[in-house]
Amino acid sequence: MTTSFWNDKTVCVVGGAGLVGTELTTLLLQEHARVTVLDDFSRGKTWMIGAQYITGDAGDRSKCEETFKGADVVFNLAARVGGVLYNQTHSAEMFHENIRLQTVPVIAAREVGVKYFLQCSSVCVYEESRQNPCIETWLGGEPNPANAGYAWAKRMGERVARWSGLEHCVVARPANMYGIYDYFDDRSHVIPALIKKCLNDDVIRVRGTGQEVREFLYATDAARGMLVALEQGEPGAIYNIGSDGANSCTISELAYTIREILGVDKPIEFIGGSGGDLRRIVNGDKLMRLGWQPEVSLQQGLRTVCEWYKKSCCQLP
């Protein structure tokens, strides 16, 4: 990543008030880009000084076109996200909401002549048999039913981005992301959900067997990866953002690690049911050849998030 590329660029981050969008906005401001964030703020507001914030639905084409006019770069991070249980019980809703958010910004960007565009996808698009490891050219057939609605919308978003005819468009597939701007609500992903359970519940109950393996990606590393992919990647290419398993563990190991970091002594129970894919490791060699490397270890990242949550959020309802 070179400062000269981003310096004075007009950049729009769609979904820029979320977990990774906030980190991406921060990095862009440090690189002296002019940043506009389009977000509906449906899960709260996180604003970075120096960016312009516009309230709006990323599925509204006219709003996207209005916001994108004059932009050199658009990052589409907009998505309706949830943990595995929420995804399993809301597949139709997740597909419906996400198909709008994955397609409308692409069409709007093409309409107003945006040159650089990044579509944020997900490693959950891979068929389960192609997840050890995930490699960009080995997508496979059906994604795991646990994330079917979300995964199919992400797949279709990738297709639309590649069909769009945008001059320089890349797709990023990050591993499971987490960080200090994560959501700690009823749709939270596994790490924030476990932190809340460790602090608030008498028994820490975890869905699945505990032996499911996941690779985790700290949000700042994800944001840096997206900058590198768009600046240095090939137009039309897809880039995984992952550590080749370096930041992976079983869900059982994750739960016990978080419990230890938080200093609580509560029983952990695995309640069965589908915890999603059995093993997901992300091959990041393609992006690493462009110079990106993950900088935050899983242990370091978990400590940072746990400490931040205890200081900032644990007194909130």
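Reading the values: the criteria
- Residues numbered from 1 in each chain as written.
- Predicted model: local features only at pLDDT ≥ 70, side-chain atom pairs only at ≥ 80, totals over all residues.
- Heavy atoms only, no water.
- Helix = DSSP H or I, 4+ residues; strand = E, 2+ residues; numbered from the N terminus.
- Polar contact = N/O pair within 3.5 Å; in protein donor to acceptor, adjacent residues only side chain to side chain.
- Disulfide = S-S within 2.5 Å.
- Phe/Tyr/Trp six-rings, centres within 6.5 Å; stacked < 30°, edge-to-face > 60°.
- Expected span 1.5 Å × (residues − 1).
- Buried < 20%, exposed > 50% of the residue type's maximum accessible area, 1.4 Å probe, protein only.
- Axes fitted to C-alpha atoms, helices over the stretch in contact; angles between N-to-C directions.
- Parallel < 35°, antiparallel > 145°, perpendicular 65-115°, else oblique.
- Left-handed = near helix turned anticlockwise from the far one by under 90°.
- Contact = heavy atoms within 4.5 Å.
- Nonpolar A, V, L, I, M, F, W, Y, C, P; charged D, E, K, R; others polar.
- Core = buried A, V, L, I, M, F, W, Y, C linked by side-chain atoms within 4.5 Å.
- Pairing = 2+ DSSP bridges.
- Right-handed = clockwise from strand over helix to strand, strands pointing away.

Engineer: Explain the environment of S248 to me, and be specific about the residues and the numbers.
Structural biologist: Topologically, S248 is positioned in strand β11 (residues 248-250). The spacing of S248 and E215 is 33 residues in sequence and 3.9 Å in space, taken between C-alpha atoms. Within the structure, S248 has its side chain in polar contact with the backbone oxygen of G245 (distance 2.6 Å).

Engineer: Now, about the state of the cysteines: what can you tell me, with residues and values included?
Structural biologist: Per the counting criterion, the structure on display carries zero disulfides. For the unlinked cysteine C198, the closest cysteine sulfur is that of C306, found at 7.6 Å.

Engineer: Pulling in residues and values, what's your account of the packing of aromatic side chains?
Structural biologist: All chains considered together, the criterion is met by ten aromatic pairs. Measuring from ring centre to ring centre gives 5.0 Å for W47 and Y53, while their planes differ by 10 degrees; the resulting arrangement is stacked. Ring centres of F184 and Y309 lie 4.3 Å apart, and the angle between their planes is 20 degrees; on these two criteria the pair is classed as stacked. In this pair, F184 sits in the loop between β7 (176-178) and α7 (190-200) while Y309 sits in helix α11 (residues 298-312), placing the two residues 125 residues apart along the sequence.

Engineer: Residue-level account of helix α8 (residues 219-232), with values.
Structural biologist: End to end, α8 covers 20 Å across 14 residues, agreeing with the expected 20 Å (1.5 Å per residue, within 8%). Most of α8 sits out of view: twelve of its 14 residues are buried. Among the residues of α8, A219, D221, A222, A223, R224, G225, M226, L227, V228, A229, L230 and E231 are the ones counted as buried.

Engineer: Explain the packing of helix α3 (residues 61-68) against helix α5 (residues 91-112) to me, using residue names and the numbers behind them.
Structural biologist: Packing of α3 against α5 leaves a shortest axis separation of 9 Å and a crossing angle of 45 degrees. Taken as axis vectors, α3 and α5 run oblique relative to one another. Crossing hand, α3 versus α5: right-handed. The segment α3 lies against α5, with R61, C64, E65 and F68 engaging V104, P105, I107, A108, A109, E111 and V112. Grouping the constituent residues of the contact of α3 with α5 by class yields eight nonpolar, no polar and three charged.

Engineer: Tell me about the nonpolar core, and name the residues and values.
Structural biologist: Grouped together as the largest cluster of nonpolar side chains are 46 residues, with contacts concentrated most on W6, L28, F75, L118 and M226. In terms of residues, this core owes the most to one element, α8, which gives eight residues.

Engineer: Any details on the side chain of S121? Residues and values, ideally.
Structural biologist: By the secondary structure assignment, S121 is in the loop between β5 (116-120) and α6 (148-163). Side chain to side chain, S121 and E158 meet in a polar contact 2.6 Å long. The contacts of S121, once residues within four sequence positions are left out, are K154, E158, V171, A172, R173 and P174.

Engineer: I'd like a description of the pairing of strand β1 (residues 10-14), backed by residues and values.
Structural biologist: The buried fraction of β1 is high, at five of five residues. Across the two faces of β1 the burial is the same, with T10, C12 and V14 and V11 and V13 all buried. As paired elements, β1 and strand β2 (residues 34-39) share five bridges and run parallel to each other. Following the sheet pairing, V13 is matched in β2 by V37. Regarding the hand of the β-α-β motif, the stretch spanning β1, helix α2 (residues 19-30) and β2 is right-handed.

Engineer: I'd like a rundown of the sheet that holds β7, residues and numbers included.
Structural biologist: Within the open sheet, the three strands sit side by side as β7-β9-β11. Their pairing is mixed. Edge positions in the open sheet fall to β7 and β11, since each of these has one partner strand only. Direction aside, neighbouring strands of the sheet carry axes that sit 45 degrees apart on average. The pairing of strand β9 (residues 213-218) with β11 spans three bridges and is antiparallel. From the neighbouring strand, E215 faces β11, where its bridge partner is S248. Relative to β11, helix α9 (residues 251-262) is tilted by about 95 degrees, and along the sheet it contacts β9 and β11.

Engineer: Describe the sheet that holds strand β3 (residues 52-55), with residues and values.
Structural biologist: Taken together, the seven strands give an open sheet; going across it, the order is β3-β2-β1-β4-β5-β6-β10, and neighbouring strands pair in parallel fashion. Edge positions in the sheet fall to β3 and β10 (238-241), since each of these pairs with one other strand and no more. Recorded for the sheet is a direction-independent mean angle of 20 degrees between the axes of neighbouring strands. Against the sheet, α5 touches β4 (73-76) and β5, its axis set at about 175 degrees to β5.

Engineer: Pulling in residues and values, what's your account of the pairing of β5?
Structural biologist: Most of β5 sits inside the fold, with five of its five residues counted as buried. Burial of the side chains of β5 extends over both faces: Y116, L118 and C120 are buried on one face and F117 and Q119 on the other. Inspection of the sheet shows β4 paired to β5 by four bridges, in the parallel sense. When the bridges of β5 are listed, N76 appears paired with Q119. In terms of handedness, the path from β5 via α6 over to strand β6 (residues 168-174) forms a crossover that is right-handed.

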